[in-house]
Amino acid sequence: MILDHLPALQVVVPLLAAPLIVLLRSGRLGWLIATAVSWTGLVIAVLLFLRVQDAGTISYAMGSWAPPWGIEYRVDALSSYVLVLVSLLAAVVLPYARLSIAAEVPSDRHYLLYAMFALCLCGLLGITITGDAFNVFVFLEISSLSGYVLIALGRDRRALRSAFQYLIMGTIGATFYVIGVGLLYLMTGTLNLADMATRLGAVQEVRPVLAALAFITVGLSLKIALFPLHIWLPGAYAYAPSAVSAFMAGTVTKVSVYVLLRFMFGIFGVRLVLPGLPLLEILTLLSAVAMVVASLVALLERDLKRLLAYSSVAQIGYITLGLGLGNVDGMTASVVHLFNHGVTKTALFMLVGGIVLRTGSCQLDALAGLARRMPVTCFGVVLAGLSLIGVPGTAGFITKWHLVLSALQAGQWWIVVVIAASSLLAAAYVWRFVEIAYLRAAPTGAASREEAPLQLLVPAWLLVAACIYFGFDTSFSLAGARDAAVMLLEGMR
Amino acid sequence: MNLVGHYSYWMTILLMVAGLYIVVARSNLIKKLIGLGIFQTSVYLLYIAPGKLIGGTAPIVSEQFAVYSNPLPHVLILTAIVVGVATLALGLALVVRIHEEYGSIEEDAILEIDQHTAAVQGQDGQPS
Amino acid sequence: MTAQNLMLLAMSTPVLGALGVALTQRSPNLRETLSFIAAGIALVCVLLLVPEVYAGGRPEIVLFEILPGAALAFRLEPLGMLFALVAAVLWPVSTLYSIGYMRGNDESHQTRFFACFALAIACTLGIAFSANLLTLFLFYEVLTLITYPLVTHHQDEEARKAGRVYLGFLLGSSLSLMLIAIIATWMMAGTIEFTPGGVLGADISNAAIGGLLALFIFGIGKAAVMPFHRWLPAAMVAPTPVSALLHAVAVVKAGVFSVVKVVIYIFGVERIAGLSSVDWLPFVTGFTIIAASVVALRSDNLKRRLAYSTISQLSYVVLAAALLTPLSIIGAALHIVSHAVGKITLFFAAGAIYTAAHKTKVSELDGIAKRMPWTMAAFTVGTLSLIGIPPAAGFYSKWYIVLGAAEGEHWMALAVLAASTLLNAAYFLPIIYAAYFREPVDDGHEHAHGEAPWPMVAAMVITATGVLALFFGMEFPLALARQLVSL
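Residues numbered from 1 in each chain as written. Chains lettered and ligands numbered in written order. Predicted model: local features only at pLDDT ≥ 70, side-chain atom pairs only at ≥ 80, totals over all residues. Heavy atoms only, no water.

This part covers the overall build of chain C. Of regular secondary structure, chain C possesses 20 helices and two strands. Relative to the 2.2 N^0.38 estimate, which gives 23 Å for 487 residues, the radius of gyration of chain C is 21 Å and therefore close to what a compact globule would have. Its C-alpha atoms give chain C principal-axis dimensions of roughly 70 × 50 × 45 Å. The buried share of chain C, taken over its 487 residues, is 65%. (Helix = DSSP H or I, 4+ residues; strand = E, 2+ residues; numbered from the N terminus. Rg over C-alpha atoms; globule rule 2.2 N^0.38 Å. Buried < 20%, exposed > 50% of the residue type's maximum accessible area, 1.4 Å probe, protein only.)

Moving on, we get to the packing of helix α13 (residues 302–323) of chain C against helix α18 (residues 411–437) of chain C. When two helices pack together, their arrangement is given by the angle between the helix axes and the distance between those axes. Residues and elements named next belong to chain C. With their axes 12 Å apart at the nearest point, α13 and α18 run at an angle of 160° to one another. Judged on the interaxial angle alone, α18 and α13 are roughly antiparallel. α18 is crossed by α13, and the crossing has left-handed handedness. Contact residues: α13 offers Leu 302, Arg 305, Leu 306, Ser 309, Gln 313, Tyr 316, Leu 319 and Leu 323, while α18 offers Ala 413, Leu 417, Ser 420, Thr 421, Asn 424, Tyr 427, Phe 428 and Ile 431. A class-by-class count of the residues in the contact of α13 with α18 yields ten nonpolar, five polar and one charged. (Axes fitted to C-alpha atoms, helices over the stretch in contact; angles between N-to-C directions. Parallel < 35°, antiparallel > 145°, perpendicular 65-115°, else oblique. Left-handed = near helix turned anticlockwise from the far one by under 90°. Contact = heavy atoms within 4.5 Å. Nonpolar A, V, L, I, M, F, W, Y, C, P; charged D, E, K, R; others polar.)

Attention now moves to the interface of chain A and chain C. Contact with chain A, which involves 31 residues of that partner, is made by 29 residues of chain C. The contact between chain A and chain C buries some 2700 Å² in all, and 78% of this surface belongs to carbon and sulfur atoms. On the chain A side of the interface with chain C, the three residues burying the most area are Trp401(A), Leu439(A) and Phe472(A), jointly 27% of the side's total. Between the two partners, chain A and chain C, sit one salt bridge. Of the charged contacts, one joins Arg164(C) and Glu435(A) as a salt bridge, the two residues approaching to 2.6 Å between their closest N and O atoms. Counting across the chain A and chain C interface gives six residue pairs in polar contact (both at pLDDT 80 or more). Elements with a contribution of two residues or more to the side of chain A that touches chain C: α15 (375–389), α16 (395–409), α17 (413–439) and α18 (454–472) of chain A. (Buried area = accessible area lost by both parts, 1.4 Å probe. Salt bridge = Lys/Arg side-chain N within 4 Å of Asp/Glu carboxyl O. Polar contact = N/O pair within 3.5 Å; in protein donor to acceptor, adjacent residues only side chain to side chain.)

In terms of nonpolar packing, the biggest core is built from 426 residues, with Tyr177(A), Phe263(A), Trp401(A), Phe433(A) and Phe129(C) touching the most fellow members. Residues in contact with Trp401(A), not counting those within four places in the same chain, are Leu67(C), Leu134(C), Leu179(C), Ile182(C), Ile183(C), Trp186(C) and Ile192(C). (Core = buried A, V, L, I, M, F, W, Y, C linked by side-chain atoms within 4.5 Å.)

Inspection of every chain in the model, using the stated rule, returns 20 salt bridges over all chains. Among the salt bridges present, the one from Arg103(C) reaches Glu32(C), with a minimum N-O distance of 2.9 Å. With Arg103(C) in helix α3 (residues 78–104) and Glu32(C) in helix α2 (residues 28–54), the pair connects residues that are 71 residues apart, well separated along the chain. Glu157(C) is the partner of Lys161(C) in a salt bridge, and the nearest nitrogen-oxygen pair spans 3.9 Å. Residue Lys161(C) and its partner Glu157(C) are both found in helix α6 (residues 157–189); the two are separated by four residues, about one turn of the helix. On the accessibility criterion, Glu157(C) (37% relative accessible area) is partly exposed. A network of salt bridges, in which partner residues are shared, links Arg97(B), Glu100(B) and Glu101(B).

Note the cis peptide between Phe227(A) and Pro228(A), where omega equals 0°. With respect to the helices and strands, Pro228(A) occurs in the loop between α8 (207–224) and α9 (232–239). Residues Met226(C) and Pro227(C) are joined by a peptide bond in cis, for which omega reads 5°. Even without being glycine, Ala225(A) reaches a positive phi, approximately 70°. If you trace the backbone, Ala225(A) turns up in the loop between α8 and α9. A positive phi angle, close to 60°, is found at Glu409(C), a residue other than glycine. By secondary structure assignment, the location of Glu409(C) is in the loop between α17 (394–407) and α18.

A few words now on the interface of chain A and chain B. Of the residues lining the interface, 35 residues belong to chain A; the matching set on chain B comes to 39 residues. Here chain A meets chain B over a buried area of about 3200 Å², counting both sides, of which 77% is carbon and sulfur. When the buried area of chain A at its contact with chain B is split by residue, Arg157(A), Leu160(A) and Phe164(A) rank highest and sum to 22% of it. Note that Asp114(B) is salt-bridged to Arg161(A), the shortest N-O span being 2.7 Å. There are six residue pairs in polar contact (both at pLDDT 80 or more) connecting chain A and chain B. If you list the elements that add at least two residues to the side of chain A that touches chain B, you get α5 (133–152) and α6 (158–188) of chain A. At 17 residues, α6(A) tops the list of elements feeding residues into the side of chain A that touches chain B. Of the residues contributing to the side of chain A that touches chain B, the split by class is 22 nonpolar, six polar and seven charged.

All names here are of chain C. With 98% of its residues at a pLDDT of at least 70, chain C reaches an overall mean of 87. Mean pLDDT across the secondary structure elements of chain C bottoms out at helix α9 (residues 240–249), with 80, and peaks at helix α5 (residues 133–151), with 93. In the predicted assembly, ipTM is 0.92 and pTM is 0.91. (pLDDT = per-residue confidence, 0-100.)

A separate point is the packing of aromatic side chains. Taken as a whole, this structure holds 45 aromatic pairs over all chains when the rule is applied. Here Tyr166(C) and Trp231(C) contribute two aromatic rings whose centre-to-centre distance is 5.8 Å and whose plane-to-plane angle is 70°, an arrangement assigned as edge-to-face. Residue Tyr166(C) is located in helix α6, and its partner Trp231(C) is located in helix α8 (residues 231–234); the two are separated by 65 residues in the primary sequence. The exposure classification of Tyr166(C) matches that of Trp231(C), with both residues buried. Following the ring pairs from residue to residue traces out a cluster consisting of Phe49(A), Tyr81(A), Phe339(A), Tyr469(A), Phe470(A) and Phe476(A). The positively charged end of Lys222(C) is found above the aromatic ring belonging to Tyr140(C), 3.5 Å away from the centroid. (Phe/Tyr/Trp six-rings, centres within 6.5 Å; stacked < 30°, edge-to-face > 60°. Lys NZ or Arg CZ within 6 Å of the ring centre and 35° of its normal.)

Taking contact number as the criterion, the leading pair out of two pairs of chains in contact is chains A and B. For chain B and chain C, which are not in contact, the least C-alpha distance works out to 23 Å.

On to the environment of Val136(A). All names here are of chain A. By the secondary structure assignment, Val 136 is in helix α5. Residue Val 136 is classed as buried on the basis of its relative accessible area, which comes to 2%. Setting aside residues up to four positions removed in sequence, Val 136 forms contacts with Ile 127, Thr 130, Tyr 177 and Val 259.

To continue, consider α18(C). Taking 1.5 Å per residue as the helical rise, α18(C) with its 27 residues ought to reach 39 Å, and the 38 Å between its terminal C-alpha atoms agrees with that figure. Helix geometry: α18(C) is bent most strongly at Phe428(C), by close to 30°, with proline Pro430(C) lying one to four residues after it. (Expected span 1.5 Å × (residues − 1). Bend = angle between axes of the 7 residues up to and from the residue.)

Okay, the state of the cysteines next. Under the definition given, this model contains zero disulfides over all chains. For Cys120(A), which is in no disulfide, the shortest distance to another cysteine sulfur is to Cys122(A) and amounts to 9.4 Å. Note on Cys120(A): relative accessible area 0%, which makes it buried. You can see Cys123(C) has no disulfide; the closest cysteine sulfur is in Cys116(C), sitting 10 Å from it. (Disulfide = S-S within 2.5 Å.)

Structure below.
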């Protein structure tokens, strides 16, 4: 019985947890409830994934109102994949969060943070699982608003400014999305995603449809932090509490990419190749610029978290590049990088959180000789960094392989050059950390061996191990991505 | 150029552009939020205006009428208004906190204060 | 014990050895013993594999699939067998030498050194045993990363700079060019398994083959074909045992091994022989040979001279592979072996001179043979091998390359070989002459010194004997090499 309502439970459980945590007003209980909720969410997501593998797409009518009039929750190859990613990252970050948040946020605000965390998780899961276009907006704003609060709880006052900037840009993005959905509703008469896909083929007037596509793409690009709409990201990730950066870096932009994939390929599909709107080419070009420029800026950064943030912008470029190339390998690369980068970046931010906990700083200059004091953490950063570079034996390599393959198949040699350049730049900025941590002497008076506490190391290393593991055993990550890619591209036929 | 017939769309565009302009061009944080609100209002108009069909009556089923106005956009916009209110509230709360921390709500001034602080911190190597 | 188990044991023993070394940091003697035990076990495993490969067997292990259609897999064939033998035999010898050097120079971080050493050997064996390009690429990249701590051992500003050049060239070439070459092969041929006769179908254009070859040759930066050679002299900043390892056993041999393996098993010697689009390769390697020899001639720093000599000798192997005749392929395989043994002897000697006499320049070596007779004797034997004079092993490998060039009527290659032999003599023989027949210059910095510590001398004697022994026992590697071309 309960198994039938898993799609609803995936969203409802964290949704109910949030006000519960607020009512209980206890930081410790709040953390316990949030962690329990995230683990429950992971179990549900895995169960859903397995069911989709066996039985195909699950369609769940919310409140038993039949679609397309009622809101439908639709779990298919792509959404189940993203559900597992988001819930996995939440489940790993929350145990880590207790000590990290305790060090960075005043204790009277802890319960509020965990309540917002649960709400953000609910929003992200909701975006992924829902099959209704306006419902996506609602959950998008739920996750975004709670995200703004989470970021603003950072101890540096620049977190407030960053949260405000993110609020402005994020709201504009969401509103653009709503405009696009409105235009689509006017043209098709439905808000159900699957229904929209079928009805769109019959629409005669092209211009409103193109306008809708443009609005939705730009709006989501703001949420995805696609260059040049990425301005909010460095500040938001750098000044938020470390656990929040860790979670949001791995999920928020990825889920927005998911929505873009749904709309571009699932719904618009055929219309993408209409002349007058070279959307894929623009996307490819912007991605290429993002990959190179953001990596260059990362190279010049002195703050480790800002470096990782710009690295994220570049890696998001990888994802949208695969999208822009439009063939099966490109889409596979995009989807698998949602997973691979999510795991890698969250691992990195968690490790940096440990560094902040022990040394009080994440400025590169202050981290000289860190490898003596925190060897396990630094080695973790090296391994995860190798995944960013795309060295074989790491998850990032799998993505790169498919991106290069996709570019070669599309005959776009310049993109291969761009990918190579971006990898080398990634090697350069990862190696800045390696040199400073390993090859420089620690400043006099620095503490001797003082590794991050186990409660921080274990979840972080779990993900670092995942980076390496998914570079070898790709049966889940790659196969799931390929299924999703094939399913999306079939919408093109 | 059907000015009168498409009046609602023209207003939508005007509000949208005006709102966006205020967000971008004004450095006062509260004004930005106001601009954001105006921008969001344009979207409400975009949804609701087409909902009213010519010759359509209130959406209550009755044998006398064949054409009903569409109630769905109203429902959607109620939701969107709620989201807008939440956003505005959060934005204002952030402005209050920013004012507590920085003493100003002008974006330019805040940026300057941050740059100044970063320069000072860089000199004595304080953690961020 | 089956061949598969031997292969797995050979690859995992160095890894376990590294673990053991890391754990026994407190007791240096136990730590060194563990290194030896691991080296010994690996050597025995590799030796036990020889009979099967000799007889024509090709033991295979498929571990698991990484990408659909490309698995982590190993298949042992004659070229890999030769390379594995080089690595397995020279590892215990290098360990012996390293103990002498590290203790003689009171170097720090010895545990890290020996552990990374062992892991590098594991990667080398992984490369030697690899069955497809993906496996090879994986171990190739890990080798680059694991030798970085060895190159930057001293952790000073110089080491950092050298490390950047090292990684920049090696990672740069492999992540951009070599990876693209592998993926392009996958796209064009549908497979990246090493297959006798190559995998390129008849439908692939000659221009594509030429381009692919370029991507591979320049992408495999460890083969030090110009202009991707700068990492090699930069790595000289490392302690000499590292240079000995890098320049004889692991890194450079992995590079030229990969080149020869790709030429034989991906392109296929007969498939590309005679194609105009691959004609450029002998010229590029010929240029590298001559240019590197000229720089060697003008270098006063002994290790730098040896480094550029290595670059030159590596291009011998690539040139031999590029000539695409059966005899030259045999020569390429033999030269991997003979250069390894010869060059390691020379580097051992250079390190011995530094440890005992604190001299690094060629101009300082006058009369040193009186104080360090064993060292200079070994140096002489190594030199003979590199120039190609009997009774040193290098004679045979060079002879086969020359025969191969003549067989294919590559007159330019013959000219290059002749010229470079003269250049080799020009930059090595004066050292020997000065060491034996000149009086030591008394500039006030002289202090009494004898031979280097005995482990170093012992290692040198072993490798020098090896050079001579290989000359007389050349039929054995020759038989393995012949199997490469009798396809």
